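Next come the chains, spelled out residue by residue.
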Amino acid sequence: MFKSFFLNKKWFLWSLFGSAIILGVTWYKVQLDVKINEWFGTFYNTIQEALGSPGLHDFDTFLDQCLTFVEIAGIYIIVAVLLEFFVKHYVFRWRTAMNDYYMSNWGRLRHIEGAAQRVQEDTMRFARIMESLGVALMRSVMTLVAFLPILWGLSDHVKELPWIGPVDQALVFIALISAACGTVLLAIVGIKLPGLEFNNQRVEAAYRKELVLGEDHDDRASPPTVKELFGHVRKNYFTLYLHYLYFDIAKWSYLQFSVIIPYIAMGPTIVAGAITLGVMQQVIRAFGKVEESFQFLVNSWAVIVELMSIYKRLKAFENKIEGKLQASIEMV
């Protein structure tokens, strides 16, 4: 899954320089986010001054503020679109490298359960998930690096917390604690999902294989056999739906209630009138960025579960190539 792309001279330019380009452009996008955060502070302070002192700012000043945002957002859109286009090509090269590696060893792999599906579908899904998950992870880390110092500085405006009292840089610690609690919560309630996803791919592969054989052989894909195989698919899916039900309850409850946390934390500061509207917006947005970075596992848990199940299937291929014994469940 990795050495066929990153340790192959054929893909050296794509794997090394392509990764460097993605990292560099992602960091530039984060810097644009920082500029937008600064703009929010200036813009909302202008609004507060205009509402509190009519005539202090004219329409041209207000319009200049809006055009500044349009300029930054326009650059962000162009960069984001070009990065997405490049990443898609990057990931397809990765998939091609895996495909070439597995097909060069097809003689030893063809007897593994669902071999065709693993080469065609699993490599595609693995590359697609690595695209979304890898870029999201890089962006989370870079966002944290960029916004953590900003939130640390802005936390000076929040002198005390409700029910606790004065705490230095309190918002930083609240963001960390909030994200850690959410991550632990979802890890506990979603502990069975990777195994269920893996079983789901097995029963789907067995059902698909029988249907494919039925296209060429009259004695295959008979109604009793197909009904039994689809029954396994149905049972596993319904079990998976049940576990995702309480997982989604925990996930969305946490994400929705976490939105109000920074407002509650700044409650004493807001009611005391100790900060301006612009500073409050900067704090809220910086807090959201830092908390979102810490929440990478929370937001990506379902995708990580899918990736783990695909990894298990592709790892069986690589174990077979390397001559390692396979569990009987992996073989025809």
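All values derive from a computational prediction rather than experimental measurement.

Chemist: Sorry, what's going on with the overall build of the protein here?
Modeler: What the protein contains, in helices and strands, is 12 helices and two strands. Counting from the amino terminus, helix and strand elements in the protein follow one another as α-α-α-α-α-β-β-α-α-α-α-α-α-α. Per-residue burial over the protein gives 42% buried out of 332 residues. Within the protein, contacts between residues separated by at least 24 positions form 81% of all contacts whose residues are at least 6 apart in sequence. With an accessible surface of roughly 18,100 Å², the protein has 67% of that area assigned to carbon and sulfur atoms.

Chemist: Please explain the confidence of the model for the protein as it appears in this structure.
Modeler: Regions with low pLDDT should not have their predicted coordinates read in detail. With 90% of its residues at a pLDDT of 70 or more, the protein shows a mean pLDDT of 77. Mean pLDDT values over the elements of the protein span from 70, in helix α4 (residues 106–109), up to 86, in helix α3 (residues 59–103). Low pLDDT, under 50, characterises residues 325–332; the predicted model gives this stretch 19 contacts beyond four residues in sequence or across chains.

Chemist: Help me understand the UniProt feature "transmembrane region" (unreviewed entry) in the protein in this model?
Modeler: Per the UniProt record, "transmembrane region" (unreviewed entry) is found at residues 12–30, 67–87, 133–152, 172–193, 260–281 and 293–311. The distance separating the terminal C-alpha atoms of residues 133–152 is 27 Å; by composition the span is 100% helix and 0% strand. Spanning residues 293–311, this segment combines 95% helix with 0% strand, and its end C-alpha atoms are found 25 Å apart.

Chemist: Any chance you could explain the packing of helix α2 (residues 12–52) against α3 here in plain terms?
Modeler: Working note: a packed helix pair is described by the angle between its axes plus the distance between those axes. Put simply, α2 and α3 touch, their axes get as near as 10 Å, and they point 160° apart. One finds that α2 runs roughly antiparallel with respect to α3. Judged by the twist between their axes, the crossing of α2 over α3 is left-handed. Classifying every residue of the contact of α2 with α3 by side-chain character gives 22 nonpolar, nine polar and four charged.

Chemist: In this structure, what is going on with the pattern of salt bridges? I would like to understand it.
Modeler: Opposite charge on two side chains permits them to pair, given that their charged atoms come into close proximity. In the structure shown here, the tally under the stated rule is two salt bridges. Of the charged contacts, one joins Lys10 and Asp100 as a salt bridge, the two residues approaching to 3.7 Å between their closest N and O atoms. Placement of Lys10 in the loop between α1 (3–6) and α2 and of Asp100 in helix α3 is noted, with a sequence separation of 90 residues between them. Judged by its relative accessible area of 58%, Lys10 is exposed.

Chemist: Teacher, can you tell me more about a nonpolar patch on the surface here?
Modeler: A cluster of nonpolar residues, Trp163, Ile164, Ile260, Tyr263, Ile264, Ile270 and Val271, forms a patch on the protein surface that exposes about 800 Å² of accessible area. Contributions of two or more residues to the nonpolar patch are made by α9 (261–265) and α10 (267–271). Secondary-structure assignment places Ile264 in helix α9. On the accessibility criterion, Ile264 (40% relative accessible area) is partly exposed.

Chemist: Even after reading the chapter, I still don't get the side chain of Gln65, so can you show me in this structure?
Modeler: Examined against the element boundaries, Gln65 turns out to sit in helix α3. Excluding residues within four positions of it along the chain, Gln65 makes contact with Trp39, Thr42, Phe43 and Thr46.

Chemist: Even after reading the chapter, I still don't get α2, so can you show me in this structure?
Modeler: Residues spaced three or four apart along an α-helix point in a common direction, a consequence of the helix completing one turn every 3.6 residues. Compared with an ideal rise of 1.5 Å per residue, which puts 41 residues at 60 Å, α2 spans 60 Å between its outermost C-alpha atoms and is within 8% of the ideal. A bend of about 25° at Gly18 is the largest found in α2.

Chemist: Would you take a moment to explain the nonpolar core for this structure?
Modeler: A general feature of soluble globular proteins is that nonpolar side chains tend to end up buried together. Within the largest apolar cluster, 24 residues are counted, with the highest numbers of intra-cluster contacts made by Phe147, Leu151, Leu171, Met266, Val283 and Phe287. Those elements giving two or more residues to this core turn out to be α2, α5 (115–154), α6 (170–189) and α11 (277–294). At seven residues, the largest contribution of residues to this core is made by α11. If near-sequence neighbours (up to four positions away) are discounted, Phe287 is found in contact with Leu151, Leu171, Ile174, Ala175, Ile261 and Pro262. Counting residues in hydrophobic clusters, the runner-up holds 23 residues, among them Trp11, Val91, Trp94 and Leu307.

What counts as what
- Residues numbered from 1 in each chain as written.
- Predicted model: local features only at pLDDT ≥ 70, side-chain atom pairs only at ≥ 80, totals over all residues.
- Heavy atoms only, no water.
- Helix = DSSP H or I, 4+ residues; strand = E, 2+ residues; numbered from the N terminus.
- Buried < 20%, exposed > 50% of the residue type's maximum accessible area, 1.4 Å probe, protein only.
- Contact = heavy atoms within 4.5 Å.
- Areas by Shrake-Rupley, 256 points an atom, 1.4 Å probe, with all protein chains shown as cover.
- pLDDT = per-residue confidence, 0-100.
- UniProt positions renumbered as here; feature names shortened; annotations may be inferred.
- Axes fitted to C-alpha atoms, helices over the stretch in contact; angles between N-to-C directions.
- Parallel < 35°, antiparallel > 145°, perpendicular 65-115°, else oblique.
- Left-handed = near helix turned anticlockwise from the far one by under 90°.
- Nonpolar A, V, L, I, M, F, W, Y, C, P; charged D, E, K, R; others polar.
- Salt bridge = Lys/Arg side-chain N within 4 Å of Asp/Glu carboxyl O.
- Patch = residues over 30% accessible without salt bridge, like charges linked within 9 Å, V, L, I, M, F, W, Y side chains within 5 Å.
- Expected span 1.5 Å × (residues − 1).
- Bend = angle between axes of the 7 residues up to and from the residue.
- Core = buried A, V, L, I, M, F, W, Y, C linked by side-chain atoms within 4.5 Å.

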